[in-house]
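# Notes for the structure review
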Number of protein chains: 2
Amino acid sequence: MNSASAAFGLHPQLAADTVEIDRWDCCRVLLMNDASYPWLILVPERAGARELHRLSPDDLALATAEIVRASAALERLFQPVKLNVAALGNIVPQLHIHVIARFEGDPAWPRPVWGVTPAVPYGAAELEARVAALRDAFAG
Amino acid sequence: MNSASAAFGLHPQLAADTVEIDRWDCCRVLLMNDASYPWLILVPERAGARELHRLSPDDLALATAEIVRASAALERLFQPVKLNVAALGNIVPQLHIHVIARFEGDPAWPRPVWGVTPAVPYGAAELEARVAALRDAFAG
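Bear in mind the structure is a predicted one, so any value in this text is a computation, not a measurement.

Cut-offs used in this document
Residues numbered from 1 in each chain as written. Chains lettered and ligands numbered in written order. Predicted model: local features only at pLDDT ≥ 70, side-chain atom pairs only at ≥ 80, totals over all residues. Heavy atoms only, no water. Core = buried A, V, L, I, M, F, W, Y, C linked by side-chain atoms within 4.5 Å. Buried < 20%, exposed > 50% of the residue type's maximum accessible area, 1.4 Å probe, protein only. Contact = heavy atoms within 4.5 Å. Least-squares fit on C-alpha atoms with pLDDT ≥ 70 in both. Helix = DSSP H or I, 4+ residues; strand = E, 2+ residues; numbered from the N terminus. Buried area = accessible area lost by both parts, 1.4 Å probe. Salt bridge = Lys/Arg side-chain N within 4 Å of Asp/Glu carboxyl O. Polar contact = N/O pair within 3.5 Å; in protein donor to acceptor, adjacent residues only side chain to side chain. Nonpolar A, V, L, I, M, F, W, Y, C, P; charged D, E, K, R; others polar. Pairing = 2+ DSSP bridges. Axes fitted to C-alpha atoms, helices over the stretch in contact; angles between N-to-C directions.

So, on to the nonpolar core. One finds Leu40 and Leu42 of chain A together with Leu40 and Leu42 of chain B to be the most contacted residues of the largest nonpolar core, which totals 62 residues. Residues contacting Leu42 of chain B, with those up to four places away along its chain left out, are Trp24, Cys27, Arg28, Val29, Glu66, Ile67, Ala70, Leu95, His96, Ile97 and Val99 of chain B. One finds Tyr37 of chain A together with Leu14, Val92 and Ala108 of chain B within the second-largest nonpolar core, a separate group that totals 30 residues.

So, about the relation of the copies chain B and chain A. Least-squares fitting of chain B to chain A yields an RMSD of 0.0 Å, with the transformation described by 0.0 Å of translation along the axis and a rotation of 180°. Look at the turn and shift together and you get a two-fold axis relating the two. Ranked by how close their C-alpha atoms come to the rotation axis, the residues of chain B are headed by Ala86 of chain B, at 2.0 Å. A share of 100% of the interface residues of chain B reappears at the interface of chain A, consistent with the copies meeting face to face through the same patch.

This paragraph deals with the environment of Ala35 of chain A. Residue and element names in this part refer to chain A. Among the structural elements, Ala35 can be located in the loop between strand S2 (27-32) and strand S3 (39-44). Here Ala35 falls in the partly exposed class, since its relative accessible area comes to 28%. Between the C-alpha atom of Ala35 and that of Pro57, which follows or precedes it by 22 residues, the distance is 34 Å. Setting aside residues up to four positions removed in sequence, Ala35 forms contacts with Val120, Tyr122 and Glu126.

Contacts between the two partners involve 28 residues from chain B, matched on the other side by 28 residues from chain A. Carbon and sulfur atoms supply 55% of the area buried between chain B and chain A, which totals about 2,500 Å² over both sides. Among the residues chain B hides against chain A, the three largest losses belong to His53, Lys82 and Asn90 of chain B. Together they make up 26% of the total. Applying the counting criterion to the chain B and chain A interface returns four salt bridges. As a salt-bridge pair, Arg54 of chain B and Glu75 of chain A come within 2.8 Å of each other at their nearest N and O atoms. At the surface where chain B touches chain A, the tally comes to 20 residue pairs in polar contact (both at pLDDT 80 or more). Along the lines of polarity and charge, the residues of the side of chain B that touches chain A split into 15 nonpolar, six polar and seven charged. Strand direction decides the pairing type here: strand S4 (residues 82-87) of chain A and strand S4 (residues 82-87) of chain B, joined by three bridges, are antiparallel. Within S4 of chain B, the residue paired with Val85 of chain A across the bridge is Ala87 of chain B.

Take the sheet that holds strand S5 (residues 97-102) of chain A next. The sheet built from 10 strands is open, its strands ordered S1(A)-S2(A)-S3(A)-S5(A)-S4(A)-S4(B)-S5(B)-S3(B)-S2(B)-S1(B) with antiparallel pairing. Of all strands in the sheet, those bounded by a partner on one side alone are strand S1 (18-23) of chain A together with strand S1 (18-23) of chain B. When the angles between neighbouring strand axes are averaged without regard to direction, this sheet yields 20°. Its contacts with the sheet place helix H3 (residues 57-78) of chain B against strand S2 (27-32), strand S3 (39-44), S4 and strand S5 (97-102) of chain B, and it is angled at close to 20° to S5 of chain B. Of the strands in this sheet, S1, S2 and S3 of chain B touch helix H4 (residues 124-139) of chain B, which is tilted by about 25° from S1 of chain B.

If you want it as structure tokens, here you go:
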């Protein structure tokens, strides 16, 4: 473990809003606790990272491959009309990448999801099933 | 020119909303005609492309490098507080990647920019200056 990863800590807002699903080579993989959308958040475990383009070339290649992996899993599981992939960070500065499966009937369609409706937390059984399905999809 | 690039045509909505600045190895580089934000749109010149994760690995690596190039140019020129990078496509299905320089005083801050305020078209001289500055920044 190098000093950068030793110092990494998940931002408290991300920790509060999500459930951890997995840890990949670059990113921690989180599920947004909002049953309105199948919504993953990838957080590069690099202390102080704020901007995608400032990752090292190696980390950026890893993060890109992990975005593909997350996108493909959401696509297989949910057959969305569209995937939304975004690194915004205007409110939570820690670099994090949203990967969201979108549907014509979802609460924000066709707008972006942010700030449209309050998060609808998963029920306990629903959350457990979703996390298990995602872990299976990542493995597949 | 392969058959995919021969068949590429810019979506009419993107053509209407933007000004072309450059053509890179993968993406056409457009400036959103909205003076509210320094806002680039990268469009992979690949016919039928809709999803980032479905680009070929080579094209995805090119597009990623071009996102970095666009981001770095915006950062040098405008010293934004944050860059927003996003591939949404819920309305315009042709794959396009937003790269937007954000500031605490901008009209949407800290929300995402989409749908917040109507676009404010650049004046002719302002547009010419901005395009020239961006082309310089890309070359630098």
